[in-house]
Amino acid sequence: MVGPEEILEFWLDEVGAKGWYAQDDALDARIRDRFEKTWEAARDGRFSLWLTYPSGALAYIILTDQFPRNMFRDDSRAFSTDRAALAAAKSAIDKCWDMKIDEPSRQFFYLPLMHSENLCDQERCVRLLCQRMPQTGASNLLHARAHREVIRKFGRFPYRNAALSRATTRPEADYVSAGGYGETVRELQEAS
């Protein structure tokens, strides 16, 4: 088991911004090897003390929101701790703990909202990035708007359907075959 400081040092310093959104099998394996047991403990309800201070909450959110997406690509476990991450993020944001963390690391408080299949969470994510990430939020804002657009259109993320054993509707299949999320991002870029 590792503590919050090790999670933050690994994700914020070792991996850093260049690696946060890269699909890299070697990085995924490193995260799995180093943090899977800790993630399992969080999934099982441990680490509530981490949620009593800003940097602990940030580490918890990274552990439950970011790491499973790397550890379990194309697997339902990638989304299995989303609710815990979302609850932790909302609580931290309500306490303004996000504002105690410098940009660009602050963005990880907002990503559970972006990953939510709830339009209200999507709207809040866009607002928070506009209001609370003035220096580094532009790229994230584009992606927040794209996520929001997908939820507006489908009420869920169609590209999760296979991993979550959900039936794909014809409009969702057409969307994915026409470029899916990447096409949504391109359309928003062209519109601005």
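The rules behind the values
- Residues numbered from 1 in each chain as written.
- Predicted model: local features only at pLDDT ≥ 70, side-chain atom pairs only at ≥ 80, totals over all residues.
- Heavy atoms only, no water.
- Helix = DSSP H or I, 4+ residues; strand = E, 2+ residues; numbered from the N terminus.
- Buried < 20%, exposed > 50% of the residue type's maximum accessible area, 1.4 Å probe, protein only.
- Contact = heavy atoms within 4.5 Å.
- Areas by Shrake-Rupley, 256 points an atom, 1.4 Å probe, with all protein chains shown as cover.
- Lys, Arg positive; Asp, Glu negative; His and termini not counted.
- Charge placed at Lys NZ, Arg CZ, Asp CG, Glu CD.
- Phe/Tyr/Trp six-rings, centres within 6.5 Å; stacked < 30°, edge-to-face > 60°.
- Lys NZ or Arg CZ within 6 Å of the ring centre and 35° of its normal.
- Expected span 1.5 Å × (residues − 1).
- Polar contact = N/O pair within 3.5 Å; in protein donor to acceptor, adjacent residues only side chain to side chain.
- Domains from an automatic or database assignment.
- Buried area = accessible area lost by both parts, 1.4 Å probe.
- Salt bridge = Lys/Arg side-chain N within 4 Å of Asp/Glu carboxyl O.
- Nonpolar A, V, L, I, M, F, W, Y, C, P; charged D, E, K, R; others polar.

### A few points about the overall build of the protein
A tally of helices and strands in the protein yields nine helices and zero strands. Here the C-alpha coordinates of the protein stretch approximately 45 × 35 × 25 Å along the principal axes. For the protein, the residues scored as buried account for 49% of the 192 residues in total. Residue pairs in contact within the protein that sit at least 24 positions apart in sequence constitute 63% of those at least 6 positions apart. Counting only carbon and sulfur atoms, one obtains 49% of the accessible surface of the protein, whose full area is about 9600 Å². Counting 27 positive and 29 negative side-chain charges, the protein places the averaged centre of each group 4 Å from the other.

### A short note on the packing of aromatic side chains
The relative placement of two aromatic rings is captured by the distance of their centres and the angle of their planes. Scanning the model with the defined rule gives 11 aromatic pairs in all. Plain terms: the ring middles of Trp11 and Phe67 are 5.4 Å apart, the flat faces sit at 75° to each other, and that makes the pair edge-to-face. One end of the pair, Trp11, is in helix α1 (residues 4-20); the other, Phe67, is in helix α3 (residues 54-71), with 56 residues separating them in the sequence. Residue Trp11 is classed as buried on the basis of its relative accessible area of 0%. Considering the side-chain rings of Phe157 and Tyr159, the 5.6 Å spacing of their centres and the 25° angle between planes classify their relative orientation as stacked. Among the residues examined, Phe157 registers a relative accessible area of 0% and is labelled buried. Judged by its relative accessible area of 38%, Tyr159 falls in the partly exposed class. Members of the aromatic cluster, each reached through a chain of ring pairs, are Phe10, Trp11, Trp20, Phe35, Phe67 and Phe108. Just above the ring of Trp97 sits the side chain of Lys95; from NZ or CZ to the centre is 4.6 Å.

### Digging into the environment of Ala41
Among the secondary structure elements, Ala41 is positioned in helix α2 (residues 25-43). A relative accessible area of 7% means that Ala41 is categorised as buried. Apart from residues no more than four positions distant in its own chain, Ala41 is found in contact with Met1, Arg46 and Phe47.

### Quick word on unusual backbone geometry
A cis amide bond, omega 0°, links Glu103 with the succeeding residue Pro104. With respect to the element layout, Pro104 can be found in the loop between α4 (82-94) and α5 (111-115). One non-glycine residue, Asp74, adopts positive backbone phi at about 60°. In this fold, Asp74 is placed in the loop between α3 and α4. Although it is not a glycine, Cys96 sits at a positive phi angle of roughly 60°. Tracing the backbone through its elements, the reader meets Cys96 in the loop between α4 and α5.

### Focus on helix α6 (residues 119-132)
A rise of 1.5 Å per residue sets the reference length of α6, with its 14 residues, at 20 Å; its end C-alpha atoms lie 20 Å apart and thus fit the reference within 8%. Of the residues that open α6, the one with a side-chain oxygen 2.8 Å from the backbone nitrogen of Cys120 is Asn118.

### With respect to the domain arrangement of the protein
For the protein, the assigned domains are domain 1 (1-101) and domain 2 (116-191). Centre-to-centre, using C-alpha coordinates, domain 1 lies 21 Å away from domain 2. The three residues of domain 1 that bury the most area against domain 2 are Phe79, Lys90 and Ile93, which together make up 43% of that side's buried surface. When the shortest N-O distance is used, the salt bridge between Lys90 and Asp121 registers 3.0 Å. Ranked by residue count, the leading element in the side of domain 1 that touches domain 2 is α4, at five residues. Within the side of domain 1 that touches domain 2, the residues separate by chemical class into six nonpolar, one polar and seven charged.

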